[in-house]
Amino acid sequence: MGVTDPFDPRQNIFGGTRFLRILANTFAGDLVLTISAYHAGPFAVKRYHGIPPYQTTQKYIRWVLSQYYRERTVASR
(Lines give C-alpha, C1' and ligand atoms only; values in the text may rest on other atoms or scores of the structure.)
Protein backbone atom coordinates (compact mmCIF):
# COMPACT_ATOMS: atom_id res chain seq x y z
CA MET A 1 0.00 0.00 0.00
CA GLY A 2 3.04 2.26 -0.17
CA VAL A 3 3.51 2.43 3.60
CA THR A 4 7.14 2.40 4.70
CA ASP A 5 6.48 3.64 8.24
CA PRO A 6 3.18 2.41 9.73
CA PHE A 7 3.66 4.80 12.67
CA ASP A 8 3.57 7.83 10.37
CA PRO A 9 -0.09 8.94 10.58
CA ARG A 10 -0.16 10.28 7.01
CA GLN A 11 1.23 7.07 5.51
CA ASN A 12 -1.01 4.95 7.71
CA ILE A 13 -4.18 6.79 6.66
CA PHE A 14 -3.30 6.79 2.97
CA GLY A 15 -2.31 3.11 3.08
CA GLY A 16 -5.55 2.22 4.85
CA THR A 17 -7.68 4.11 2.35
CA ARG A 18 -5.84 2.47 -0.56
CA PHE A 19 -6.52 -0.93 0.98
CA LEU A 20 -10.20 -0.07 1.49
CA ARG A 21 -10.46 1.01 -2.17
CA ILE A 22 -8.96 -2.29 -3.32
CA LEU A 23 -11.35 -4.23 -1.09
CA ALA A 24 -14.35 -2.19 -2.25
CA ASN A 25 -13.40 -2.92 -5.86
CA THR A 26 -12.84 -6.61 -5.09
CA PHE A 27 -16.27 -6.96 -3.48
CA ALA A 28 -18.16 -4.80 -5.99
CA GLY A 29 -18.80 -1.99 -3.53
CA ASP A 30 -20.58 -4.23 -1.02
CA LEU A 31 -20.03 -2.31 2.21
CA VAL A 32 -20.49 -5.28 4.55
CA LEU A 33 -18.11 -7.53 2.60
CA THR A 34 -15.58 -4.70 2.35
CA ILE A 35 -15.65 -4.17 6.11
CA SER A 36 -15.46 -7.94 6.66
CA ALA A 37 -12.43 -8.22 4.40
CA TYR A 38 -10.75 -5.26 6.08
CA HIS A 39 -11.04 -7.01 9.44
CA ALA A 40 -10.70 -10.73 8.61
CA GLY A 41 -8.87 -10.50 5.30
CA PRO A 42 -10.19 -10.89 1.76
CA PHE A 43 -9.32 -14.59 1.59
CA ALA A 44 -11.52 -15.35 4.61
CA VAL A 45 -14.47 -13.56 3.00
CA LYS A 46 -13.94 -15.50 -0.22
CA ARG A 47 -13.44 -18.81 1.63
CA TYR A 48 -16.77 -18.43 3.46
CA HIS A 49 -18.55 -16.79 0.49
CA GLY A 50 -19.51 -13.89 2.73
CA ILE A 51 -19.01 -12.78 6.31
CA PRO A 52 -16.62 -15.16 8.08
CA PRO A 53 -18.02 -16.89 11.17
CA TYR A 54 -15.54 -15.16 13.45
CA GLN A 55 -17.14 -13.56 16.49
CA THR A 56 -14.66 -10.67 16.53
CA THR A 57 -15.27 -9.90 12.84
CA GLN A 58 -19.03 -9.98 13.26
CA LYS A 59 -18.80 -7.66 16.28
CA TYR A 60 -16.47 -5.33 14.32
CA ILE A 61 -18.90 -5.16 11.38
CA ARG A 62 -21.82 -4.27 13.68
CA TRP A 63 -19.73 -1.57 15.37
CA VAL A 64 -18.46 -0.01 12.13
CA LEU A 65 -21.92 -0.01 10.55
CA SER A 66 -23.49 1.55 13.65
CA GLN A 67 -20.90 4.33 13.55
CA TYR A 68 -21.33 4.76 9.80
CA TYR A 69 -25.13 5.07 9.93
CA ARG A 70 -24.99 7.33 12.99
CA GLU A 71 -22.61 9.73 11.19
CA ARG A 72 -24.70 9.58 8.02
CA THR A 73 -27.78 10.54 10.00
CA VAL A 74 -26.00 13.46 11.66
CA ALA A 75 -24.57 14.67 8.33
CA SER A 76 -27.97 14.60 6.62
CA ARG A 77 -29.57 17.02 9.13
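Owing to the predicted nature of the structure, the values given are computational and were not obtained by experimental measurement.

**Observations regarding the packing of helix α2 (residues 31-40) against helix α4 (residues 55-75)**
Relative orientation of the contacting elements α2 and α4 amounts to 130°, with a least axis distance of 9 Å. On the basis of their axis angle, the class for α2 and α4 is oblique. For α2 against α4, the interelement crossing comes out right-handed. Across the interface between the two elements, Leu-31, Val-32, Ile-35, Ser-36, Tyr-38, His-39 and Ala-40 of α2 pack against Thr-56, Thr-57, Tyr-60, Ile-61, Val-64, Leu-65, Tyr-68 and Tyr-69 of α4. Among the residues forming the contact of α2 with α4, the class breakdown is 11 nonpolar, four polar and no charged.

**Let's talk about α2**
Taken as a whole, α2 has its buried residues at Thr-34, Ile-35, Ser-36 and Ala-37. You can read the cap of α2 off the contacts: a side-chain oxygen lies 3.1 Å from the backbone nitrogen of Val-32, and it is on Asp-30. Within two residues after α2, Gly-41 carries a phi angle of roughly 100°, on the positive side.

**Here we look at the side chain of Thr-57**
The topology assignment puts Thr-57 in helix α4. When near neighbours in sequence (up to four residues on either side) are disregarded, Thr-57 contacts Ser-36, His-39, Ala-40 and Pro-52.

**Re the pattern of salt bridges**
For side chains bearing opposite charge, pairing can occur when the charged atoms are close. What the rule picks out here adds up to one salt bridge. A salt bridge links Arg-70 to Glu-71, with the nearest nitrogen and oxygen atoms 3.1 Å apart. The exposure class of Arg-70 is partly exposed, given its relative accessible area of 47%. Here Glu-71 falls in the partly exposed class, since its relative accessible area comes to 44%.

**Concerning the layout of surface pockets**
As a volume, the largest pocket reaches approximately 210 Å³. If you tally residues by element for the lining of the largest pocket, the top one is α2, at four residues. Classifying every residue of the lining of the largest pocket gives eight nonpolar, two polar and two charged.

What counts, and where the lines are drawn
Residues numbered from 1 in each chain as written. Predicted model: local features only at pLDDT ≥ 70, side-chain atom pairs only at ≥ 80, totals over all residues. Heavy atoms only, no water. Axes fitted to C-alpha atoms, helices over the stretch in contact; angles between N-to-C directions. Helix = DSSP H or I, 4+ residues; strand = E, 2+ residues; numbered from the N terminus. Parallel < 35°, antiparallel > 145°, perpendicular 65-115°, else oblique. Left-handed = near helix turned anticlockwise from the far one by under 90°. Contact = heavy atoms within 4.5 Å. Nonpolar A, V, L, I, M, F, W, Y, C, P; charged D, E, K, R; others polar. Buried < 20%, exposed > 50% of the residue type's maximum accessible area, 1.4 Å probe, protein only. Polar contact = N/O pair within 3.5 Å; in protein donor to acceptor, adjacent residues only side chain to side chain. Salt bridge = Lys/Arg side-chain N within 4 Å of Asp/Glu carboxyl O. 1 Å grid on protein atoms, 1.4 Å probe; cavity = no way out; pocket = protein on both sides within 12 Å on 5 of 7 lines; lining within 4 Å. Points joined across faces, edges and corners; volume = space filled by probe spheres on them.

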